[in-house]
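Residue-level structure breakdown
Residue-level listing of the chains:
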Amino acid sequence: MSTLTIVLLVILAVLIIAVVALYFVGRKAQKKQEEQQAQIDAMKQTVSMLIIDKKRMKIKDAGLPQMVLEQTPKWLRGSKLPVVKAKVGPQIMSLICEEKIFDSVPVKKEVKAVVSGIYITDVKGLHGKPIVKEQKKKSKFKQLVERAQEKAGAKPLRK
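Throughout, a residue's number is its position along its own chain's written sequence, starting from 1. At least 70 in pLDDT is required for a residue's local features to be given in this predicted model, at least 80 for side-chain atom pairs to be given and counted, and no such filter applies to totals for whole chains, interfaces and linings, which use all residues. Calculation of side-chain values draws on the structure's entire complement of heavy atoms; hydrogens and water are dropped beforehand.

1. Some words on the nonpolar core
Stated formally: Nonpolar cores were defined as sets of buried Ala, Val, Leu, Ile, Met, Phe, Trp, Tyr and Cys residues, with membership established by side-chain atoms within 4.5 Å. Per-residue accessibility, obtained with a 1.4 Å probe over protein chains only, is compared with the maximum for each type, and a residue is labelled buried under 20%, exposed over 50%, and partly exposed between these values. The helix and strand labels rest on DSSP assignments: H or I over at least four residues marks a helix, E over at least two residues marks a strand, and numbering proceeds from the N terminus.
Counting residues in each nonpolar core, the largest one holds 15 residues, and the members touching the most others are M49, I51, V84, I120 and V123. For this core, the elements supplying multiple residues, two or more each, are β1 (45–58), β2 (80–88), β3 (91–97), β4 (110–116) and β5 (119–125). Core analysis: the second largest hydrophobic core is formed by seven residues, I59, A62, L81 and V83 among them.

See the structure below:
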(Lines give C-alpha, C1' and ligand atoms only; values in the text may rest on other atoms or scores of the structure.)
Protein backbone atom coordinates (compact mmCIF):
# COMPACT_ATOMS: atom_id res chain seq x y z
CA MET A 1 0.00 0.00 0.00
CA SER A 2 1.11 3.51 -0.64
CA THR A 3 1.81 5.94 2.19
CA LEU A 4 -1.15 8.11 1.14
CA THR A 5 -3.55 5.19 1.63
CA ILE A 6 -2.10 4.39 5.06
CA VAL A 7 -2.37 8.04 6.16
CA LEU A 8 -5.98 8.25 4.96
CA LEU A 9 -6.90 5.00 6.77
CA VAL A 10 -5.34 6.28 10.02
CA ILE A 11 -7.20 9.59 9.71
CA LEU A 12 -10.45 7.71 9.01
CA ALA A 13 -9.93 5.48 12.06
CA VAL A 14 -9.28 8.51 14.29
CA LEU A 15 -12.41 10.24 12.98
CA ILE A 16 -14.55 7.15 13.61
CA ILE A 17 -13.22 6.85 17.17
CA ALA A 18 -13.91 10.57 17.75
CA VAL A 19 -17.50 10.26 16.47
CA VAL A 20 -18.19 7.23 18.68
CA ALA A 21 -16.72 9.00 21.73
CA LEU A 22 -18.82 12.13 21.07
CA TYR A 23 -21.92 9.97 20.70
CA PHE A 24 -21.50 8.42 24.15
CA VAL A 25 -20.53 11.73 25.79
CA GLY A 26 -23.59 13.35 24.20
CA ARG A 27 -25.92 10.63 25.48
CA LYS A 28 -24.50 11.00 28.99
CA ALA A 29 -24.93 14.80 28.87
CA GLN A 30 -28.48 14.42 27.58
CA LYS A 31 -29.42 12.09 30.46
CA LYS A 32 -27.90 14.52 32.96
CA GLN A 33 -29.82 17.43 31.42
CA GLU A 34 -33.10 15.46 31.57
CA GLU A 35 -32.54 14.73 35.28
CA GLN A 36 -31.86 18.42 35.96
CA GLN A 37 -34.99 19.43 34.04
CA ALA A 38 -37.04 16.97 36.12
CA GLN A 39 -35.68 18.55 39.32
CA ILE A 40 -36.53 22.04 38.04
CA ASP A 41 -40.07 20.95 37.16
CA ALA A 42 -40.55 19.38 40.60
CA MET A 43 -39.51 22.57 42.43
CA LYS A 44 -41.26 25.20 40.30
CA GLN A 45 -43.77 27.64 41.73
CA THR A 46 -45.56 30.72 40.42
CA VAL A 47 -44.53 34.02 42.00
CA SER A 48 -45.61 37.60 41.41
CA MET A 49 -42.62 39.94 41.06
CA LEU A 50 -41.62 43.38 39.86
CA ILE A 51 -38.79 43.22 37.35
CA ILE A 52 -36.31 46.00 38.13
CA ASP A 53 -33.50 45.27 35.68
CA LYS A 54 -32.16 42.58 33.38
CA LYS A 55 -28.63 42.11 32.02
CA ARG A 56 -26.22 39.52 30.76
CA MET A 57 -23.41 39.47 33.30
CA LYS A 58 -20.70 37.24 34.71
CA ILE A 59 -21.66 34.96 37.57
CA LYS A 60 -19.24 36.57 40.01
CA ASP A 61 -20.61 40.07 39.23
CA ALA A 62 -24.29 39.09 39.32
CA GLY A 63 -24.79 39.28 43.07
CA LEU A 64 -25.86 35.67 43.38
CA PRO A 65 -25.50 33.79 46.69
CA GLN A 66 -22.00 32.58 47.59
CA MET A 67 -23.16 28.95 47.51
CA VAL A 68 -24.03 29.30 43.81
CA LEU A 69 -20.55 30.64 43.07
CA GLU A 70 -18.91 27.76 44.94
CA GLN A 71 -20.95 25.14 43.08
CA THR A 72 -20.18 26.51 39.61
CA PRO A 73 -17.16 25.00 37.87
CA LYS A 74 -14.19 27.39 37.69
CA TRP A 75 -14.16 27.38 33.90
CA LEU A 76 -17.78 28.65 33.85
CA ARG A 77 -17.38 31.48 36.36
CA GLY A 78 -16.23 33.89 33.68
CA SER A 79 -19.12 33.16 31.31
CA LYS A 80 -22.04 35.56 31.03
CA LEU A 81 -25.58 34.53 31.80
CA PRO A 82 -28.96 36.28 31.79
CA VAL A 83 -29.58 37.80 35.21
CA VAL A 84 -32.83 39.49 36.30
CA LYS A 85 -32.99 41.75 39.32
CA ALA A 86 -36.52 41.58 40.72
CA LYS A 87 -38.49 42.60 43.78
CA VAL A 88 -40.23 39.52 45.15
CA GLY A 89 -42.45 40.61 48.01
CA PRO A 90 -40.40 43.02 50.16
CA GLN A 91 -37.07 41.53 49.07
CA ILE A 92 -34.89 42.45 46.07
CA MET A 93 -33.26 39.37 44.53
CA SER A 94 -30.95 38.52 41.65
CA LEU A 95 -32.35 35.59 39.68
CA ILE A 96 -31.00 33.62 36.73
CA CYS A 97 -33.31 33.64 33.73
CA GLU A 98 -33.72 30.96 31.10
CA GLU A 99 -32.00 32.02 27.88
CA LYS A 100 -34.99 31.46 25.58
CA ILE A 101 -37.33 33.76 27.56
CA PHE A 102 -34.78 36.44 28.53
CA ASP A 103 -35.67 38.75 25.63
CA SER A 104 -39.39 38.60 26.43
CA VAL A 105 -38.98 39.59 30.09
CA PRO A 106 -40.32 43.16 30.48
CA VAL A 107 -38.38 45.68 32.55
CA LYS A 108 -40.10 47.79 35.24
CA LYS A 109 -43.33 45.79 35.08
CA GLU A 110 -45.03 43.40 37.45
CA VAL A 111 -45.26 39.85 36.15
CA LYS A 112 -46.14 36.36 37.25
CA ALA A 113 -43.09 34.17 36.84
CA VAL A 114 -42.56 30.45 37.21
CA VAL A 115 -39.52 30.15 39.47
CA SER A 116 -37.50 27.14 40.57
CA GLY A 117 -35.08 28.20 43.29
CA ILE A 118 -33.21 31.15 41.76
CA TYR A 119 -34.02 30.12 38.17
CA ILE A 120 -36.83 31.80 36.20
CA THR A 121 -38.32 29.34 33.70
CA ASP A 122 -41.37 31.21 32.40
CA VAL A 123 -42.88 34.71 32.53
CA LYS A 124 -46.48 35.80 32.01
CA GLY A 125 -48.16 39.18 32.30
CA LEU A 126 -49.81 40.19 35.56
CA HIS A 127 -53.19 38.87 34.45
CA GLY A 128 -51.97 35.73 32.72
CA LYS A 129 -51.31 37.34 29.34
CA PRO A 130 -48.27 36.01 27.53
CA ILE A 131 -45.71 38.72 26.96
CA VAL A 132 -44.70 39.24 23.35
CA LYS A 133 -41.32 40.71 22.64
CA GLU A 134 -41.03 43.72 20.40
CA GLN A 135 -39.89 42.91 16.91
CA LYS A 136 -36.98 44.93 15.62
CA LYS A 137 -37.44 46.75 12.36
CA LYS A 138 -35.71 44.86 9.56
CA SER A 139 -33.27 46.51 7.21
CA LYS A 140 -34.16 46.99 3.55
CA PHE A 141 -31.68 44.28 2.55
CA LYS A 142 -33.25 41.71 4.89
CA GLN A 143 -36.72 42.62 3.60
CA LEU A 144 -35.56 42.10 0.00
CA VAL A 145 -33.97 38.75 0.88
CA GLU A 146 -37.19 37.59 2.58
CA ARG A 147 -39.30 38.57 -0.42
CA ALA A 148 -36.93 36.74 -2.75
CA GLN A 149 -37.09 33.62 -0.57
CA GLU A 150 -40.90 33.75 -0.49
CA LYS A 151 -41.07 34.05 -4.28
CA ALA A 152 -38.62 31.18 -4.70
CA GLY A 153 -40.66 29.02 -2.34
CA ALA A 154 -37.84 28.64 0.20
CA LYS A 155 -39.84 30.32 2.93
CA PRO A 156 -43.55 30.08 3.81
CA LEU A 157 -45.69 33.04 2.80
CA ARG A 158 -46.57 35.73 5.32
CA LYS A 159 -50.14 36.14 6.44
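Okay, back to it.
2. Thoughts on the side chain of S104
Let me state the cut-off plainly: Pairs of N or O atoms within 3.5 Å make up the polar contacts considered here, provided that, within protein, one atom can donate a hydrogen while the other can accept it, and that residues adjacent in sequence are counted only when both atoms are side-chain atoms.
For S104, the position within the fold is in the loop between β3 and β4. Residue classification places S104 among the buried positions, given a relative accessible area of 19%. Here I101 takes part through its backbone oxygen, which lies 2.9 Å from a polar atom of the side chain of S104.

3. Quick notes on the pattern of salt bridges
Note the threshold: Any carboxyl oxygen of Asp or Glu that lies within 4 Å of a side-chain nitrogen of Lys or Arg is treated as forming a salt bridge with it.
Under the defined criterion, the tally for this structure stands at six salt bridges. One salt bridge in this structure joins D53 and K55, with 3.9 Å as the shortest N-O distance. Owing to a relative accessible area of 29%, D53 belongs among the partly exposed residues under this scheme. A salt bridge links R56 to E99; the nearest nitrogen and oxygen atoms lie 2.7 Å apart. Here the residue R56 occupies a position in strand β1, and E99 occupies one in the loop between β3 and β4, the gap between them amounting to 43 residues. According to the relative accessible area criterion, E99 is partly exposed, its value standing at 47%. Among the charged side chains, a salt-bridge network with shared partners connects R56, E99 and D103.

4. Digging into a nonpolar patch on the surface
Keep this limit in mind: Patches here are clusters of residues that have more than 30% relative accessible area and form no salt bridge, with a 9 Å joining cutoff for like charges and a 5 Å cutoff for nonpolar side chains (Val, Leu, Ile, Met, Phe, Trp, Tyr). What sets the accessible areas is the Shrake-Rupley method with a 1.4 Å probe; for residues, cover comes only from the shown protein chains.
Where nonpolar side chains cluster on the molecular surface, the patch consists of M1, I6, L9, V10, L12, V14, I16, V20, Y23 and F24 and spans about 1000 Å² of accessible area. For Y23, the location among the structural elements is in helix α1 (residues 3–43). Look at Y23 and you get partly exposed, because its relative accessible area is 48%.

5. Regarding the pairing of β3
Our working rule: The pairing criterion for strands is at least two bridges between them, as found by DSSP.
As defined by bridge partners, β2 adjoins β3 across six bridges and the pair is classed as antiparallel. Of the residues in β3, the one forming a bridge with V88 is Q91. Hairpin connection, β2 to β3: the antiparallel pair is bridged by two residues, and G89 has positive phi, about 65 degrees.

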